[in-house]
Amino acid sequence: GSVAGNWVATDELYLARFPDQYWDEWPSFEALQPDGPRPVGRWGASLTRLARGGGHSGECAYLWGGWWSGAEAADMWALHLREAGPEWRPISRRGPLPTAFHTCTPCQDCN
């Protein structure tokens, strides 16, 4: 749906490939089609990448908070970037409530 005027929230997912020499060419974008459930389209969320996550090998990014259809998104998702294709998985939330327009910074060595 449309939020704040003309902004449109979407659940589309793209992989950006950046060149080694960023001043010579533009990045390329590839539309990804994950199988299975996925988060609702939103904006103002954080997508934070960690080297490993959720007991799975490979890279993982966490989607936290955001805004959709007139309310804050109160869910968290893990995006597993597997060679066979990306996969979204809902995460049981602990800690503070998600919010829109925030920063989520990884702190892997914080105890």
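Remember, it's a predicted structure, so these values are computed and weren't measured experimentally.

Undergrad: Which residues make up the layout of surface pockets, and what values go with them?
TA: Put simply, the largest pocket is a space of about 240 Å³. Residue lining of the largest pocket: 14 residues in total, with T10, E12, R42, L63 and W88 positioned closest to the centre. When its residues are assigned to classes, the lining of the largest pocket shows seven nonpolar, three polar and four charged. Along the walls of the second largest pocket sit Y62, W64, M76, I91, S92, R94 and C104, which together make up its complete lining.

Undergrad: Describe the pairing of strand β9 (residues 76-82), naming the residues involved and giving the relevant values.
TA: Counting buried positions along β9 yields five of seven residues, so the element is predominantly enclosed. Taken together, the seven bridges between β9 and strand β10 (residues 85-91) define a ladder with antiparallel strand orientation. Across the sheet, residue A78 finds its bridge partner in β10, namely R89. Once β9 ends, the chain turns through two residues before running back antiparallel as β10.

Undergrad: For the pattern of salt bridges, give the residues involved together with the corresponding values.
TA: With the rule as written, the count across this model stands at four salt bridges. With a closest N to O distance of 3.1 Å, E30 and R17 form a salt bridge. One end of the pair, E30, is in strand β4 (residues 28-32); the other, R17, is in strand β3 (residues 13-17), and 13 residues separate them in sequence. Each member of the salt-bridge network shares a partner with another, and the members are R82, E87 and R89.

Undergrad: Talk me through the confidence of the model for the protein; I want residue IDs and the actual numbers.
TA: For the protein, mean pLDDT is 77; residues scoring 70 or higher make up 77% of the total. Confidence, read as mean pLDDT per element, is least for strand β1 (residues 2-3) in the protein (52) and greatest for β4 (90).

Undergrad: Tell me what's going on with the sheet that holds strand β5 (residues 46-50), and back it up with residues and numbers.
TA: Strands sit in the order β5-β6-β9-β10 across an open sheet of four strands; the sheet is antiparallel. The two strands at the open ends of the sheet, each matched to only one other strand, are β5 and β10. Adjacent strand axes in the sheet meet at a mean angle of 25° when their direction is disregarded. Of the strand pairs in this sheet, β5 and strand β6 (residues 59-64) are connected by five bridges, and their pairing is antiparallel. Residue pairing in the sheet places T48 in a bridge with Y62 of β6.

Undergrad: I'd like a rundown of the environment of M76, residues and numbers included.
TA: Tracing the chain through its elements places M76 in strand β9. Each C-alpha atom, one on M76 and one on L63, is 5.6 Å from the other, the two residues being 13 residues apart in sequence. Among all residues touching M76, those that are not within four sequence positions of it are Y62, L63, W64, R89, P90 and I91.

Undergrad: I'd love a proper account of the packing of aromatic side chains, names of residues and values included.
TA: Applying the stated criterion across every chain, the model contains one aromatic pair. Arranged with centres 6.4 Å apart and planes meeting at 90°, the rings of W77 and W88 form a pair that is edge-to-face. Taken together, the residues W77 in strand β9 and W88 in strand β10 connect sequence positions eleven residues apart. Judged by its relative accessible area of 9%, W77 falls in the buried class. The buried category is assigned to W88, whose relative accessible area is 8%.

Calculation rules
Residues numbered from 1 in each chain as written. Predicted model: local features only at pLDDT ≥ 70, side-chain atom pairs only at ≥ 80, totals over all residues. Heavy atoms only, no water. 1 Å grid on protein atoms, 1.4 Å probe; cavity = no way out; pocket = protein on both sides within 12 Å on 5 of 7 lines; lining within 4 Å. Points joined across faces, edges and corners; volume = space filled by probe spheres on them. Nonpolar A, V, L, I, M, F, W, Y, C, P; charged D, E, K, R; others polar. Buried < 20%, exposed > 50% of the residue type's maximum accessible area, 1.4 Å probe, protein only. Helix = DSSP H or I, 4+ residues; strand = E, 2+ residues; numbered from the N terminus. Pairing = 2+ DSSP bridges. Salt bridge = Lys/Arg side-chain N within 4 Å of Asp/Glu carboxyl O. pLDDT = per-residue confidence, 0-100. Axes fitted to C-alpha atoms, helices over the stretch in contact; angles between N-to-C directions. Contact = heavy atoms within 4.5 Å. Phe/Tyr/Trp six-rings, centres within 6.5 Å; stacked < 30°, edge-to-face > 60°.

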